[in-house]
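Geometric and topological summary
Below, each chain spelled out in residue letters.
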Amino acid sequence: MKEDFLHYIWLYKKFDFSNLVTSQGESLTIIHSGFYLQQAGPDFFNAQITIGQQKWAGNIEIHLKSSDWYLHQHEKDSNYDNVILHVVWQHDISVFRKDNSEIPVLELKKYVANEELIKYQSLIATKSWIYCENQVKDIALFVMENWLERLFFERLERKSLPIEGLLNETENDWEAVLFCLLAKNFGLNTNGEAFFKIAKSIPFSIIRKEALDVAYLEALLFGQSNLLPSHPEDNYSKELKSWFDYLVVKYKISTIQIEAVQFFKHRPDNFPTIRLAQLGMLYHVHRNLFTKIIEAKTVNEIYQLFDVAVSSYWKTHYTFEKTSPKKEKFLTQSFIDLIIVNTIVPVKFAYAKSQGKDDSEQWIELLTQLKPEKNSIIEKFTLFKIQANNAFQSQALLQLKNEYCNAKRCLQCAIGLELLKN
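Here is a short report on the structure shown in this document. (Residues numbered from 1 in each chain as written. Predicted model: local features only at pLDDT ≥ 70, side-chain atom pairs only at ≥ 80, totals over all residues. Heavy atoms only, no water.)

Topic: the sheet that holds strand β1 (residues 20-21)
Here is the rule we go by: Any two strands between which DSSP finds at least two bridges are classified as paired. A helix here means a DSSP run of H or I that spans at least four residues, while a strand means a run of E at least two residues long, and both kinds are numbered starting from the N terminus. Any two residues whose heavy atoms approach within 4.5 Å at even a single point are treated as in contact. Axis angles are defined between N-to-C directions and span 0 to 180 degrees, where every axis is a line fitted to C-alpha atoms and, for a helix, only to the segment in contact.
An order of β1-β2-β3-β4-β5-β6 is seen for the six strands of this open sheet, with the pairing classed as mixed. Of all strands in the sheet, those with a lone pairing partner are β1 and β6 (105-107), marking the two edges. Contacting β2 (27-32), β3 (44-51), β4 (54-65), β5 (83-90) and β6, helix α1 (residues 3-11) crosses the sheet at an angle of about 150° to β4.

Right, dumping it as structure tokens:
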């Protein structure tokens, strides 16, 4: 049993509270069970109760055992000085305030029906993937839809945290932040961290100045990624190495040490060389890309912004100094969809938040137009009759699995609570 279950029992009054008696033998009446704020300090704030003939107002702390009070060292924390009732499953020891008065205790197990325990045990019984895998398909549609929307915004909030950190590092330069985040996502899972370090190592003011010539951008990106040949043979490789050496001196750029970018297991169109070339072309084609993205309201407008290919050299190359059949190598729609999900919508969200705006309908509208991501989590939910029809829903399901199911937070999940109620 977890404390979360006792929180649930207390919050939703899933016990017989008609004739309560404290462990000290006094009658107890609950006037107001308190506010469940889920923050530091006692579990429920500003409760009102009557013990005997005395009315009390204050906070309520909940534990599995009374002795957990001392285990958690609450006696040393002034936040717990105003606790008026200690609600426990098992009363095993008396707890005293600083003035040596005993804190009243309600032993909850005496008042909880066995059927509540059975429902709880059924919910948390070990399953092959998630606790509610056999029942989740029966959740009412409106409950599921409301919960998925909340999960989606929780995920956006989580994704906005590193954006806020980058803003502090770049002195609130949104264009620089976007550049770093796009680089990370152009690198996909395999090379994302390496691309992120590369982008951070080049001050964005340099990207702004050198964007008129795509070759200079390629020199910077390939040079910092250690992809330029040590002893180049073809003319373009020689030019890039020469330009990189010049730009390093001109701007006093610090070269960085990164793990070697990976080609292994990538299709040629996903080679790091091609993705860096596409990123360079994107910033060559578009000035003020951040402003254009913020102004874009539809998926088609974003598709148009990212309608870029590669420079002429990379149309006939996948790696340096090895020619291949000519191919334009445009960014595919599926790749742009990943960028929208993982970069553009989080950046739009973080920017609107910084401006005190609520454009939530716009973000939902954008992602409902995109296909759901394809990964093992979304496929597994499908087996249990939970279908993601678009990227909005698949993002919410990822948040559900990673932040609730994996952490066994069933009693903080709308699905878990609904199953217990029913």
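Here we look at the pattern of salt bridges
Counted only if it meets this: One side-chain nitrogen of Lys or Arg within 4 Å of one carboxyl oxygen of Asp or Glu is enough to make a salt bridge. Only protein chains enter the accessibility calculation, which uses a 1.4 Å probe; a residue is then buried when its area is under 20% of its type maximum, exposed when over 50%, and partly exposed in between.
This model, assessed by the stated rule, comprises 12 salt bridges. A salt bridge links Arg-150 to Glu-154, with the nearest nitrogen and oxygen atoms 3.4 Å apart. Taken together, the residues Arg-150 and Glu-154, both in helix α4 (residues 141-169) and four residues apart, mark about one turn of the helix. Here Lys-250 makes a salt bridge to Glu-210, at a shortest N to O gap of 3.5 Å. Of this pair, Lys-250 sits in helix α9 (residues 235-251) while Glu-210 sits in helix α7 (residues 204-210), and the two are 40 residues apart along the sequence. Relative accessible area serves as the criterion here: at 42%, Lys-250 is assigned to the partly exposed category. By relative accessible area, Glu-210 is classed as buried at 7%.

Considering the environment of Arg-158
The residue Arg-158 is located in helix α4 in this model. When its relative accessible area of 36% is taken as the criterion, Arg-158 is described as partly exposed. For the pair formed by Arg-158 and Pro-346, sequence separation is 188 residues and the distance between their alpha carbons is 9.2 Å. Residue contacts for Arg-158: discarding those within four places in its chain leaves Gln-399 and Glu-403.

Remarks on unusual backbone geometry
A positive phi is found at Lys-329, a non-glycine position, where the angle reads about 60°. Within the fold, Lys-329 resides in the loop between β8 (322-323) and α14 (333-354). One non-glycine residue with positive phi stands out, namely Lys-408, at about 55°. Mapped onto the elements of the fold, Lys-408 is located in the loop between α17 (391-405) and α18 (414-421).

Here's the deal with the packing of aromatic side chains
Selection criterion: By convention, a stacked pair of Phe, Tyr or Trp rings (six-membered ring in the case of Trp) has centres within 6.5 Å and planes under 30 degrees apart, an edge-to-face pair has planes over 60 apart, and any other such pair is tilted. Our definition puts a charge over a ring when NZ of Lys or CZ of Arg is within 6 Å of the ring centre and also within 35 degrees of the ring normal.
As enumerated under the stated definition, the model contains 29 aromatic pairs in all. Summarising the aromatic geometry, the rings of Phe-271 and Tyr-318 are spaced 6.3 Å apart at their centres and angled 80° between planes, so their arrangement reads as edge-to-face. Highlighted residues: Phe-271 in the loop between α9 and α10 (272-285) and Tyr-318 in strand β7 (residues 317-319), separated in sequence by 47 residues. Judged on exposure class, the residue Phe-271 and its partner Tyr-318 are both buried. One aromatic cluster is present, built from ring pairs that chain together Phe-152, Phe-153, Phe-349, Trp-363 and Phe-392. In this structure, Lys-184 is placed above the aromatic ring of Phe-196, and the distance from its NZ or CZ to the ring centre is 5.6 Å. Here the guanidinium or amino end of Lys-329 rests over the ring plane of Tyr-318, the centre of that ring lying 4.3 Å away.

Some thoughts on the nonpolar core
Selection criterion: The set of buried Ala, Val, Leu, Ile, Met, Phe, Trp, Tyr and Cys residues whose side-chain atoms join them within 4.5 Å is what this entry labels a nonpolar core.
Judged by nonpolar contacts, the single largest core of 141 residues is most densely connected at Trp-10, Leu-182, Tyr-283, Phe-306, Ile-340 and Ile-415. Sequence-distant contacts of Ile-415, defined by excluding residues within four places in its chain, comprise Cys-132, Val-136, Ile-139, Met-144, Trp-147 and Leu-400. Counting five residues, the second-largest nonpolar core is a separate cluster that includes Trp-69, Tyr-80, Val-83 and Val-95.

In short, the description is geometric, and any link to function would need to be established separately.
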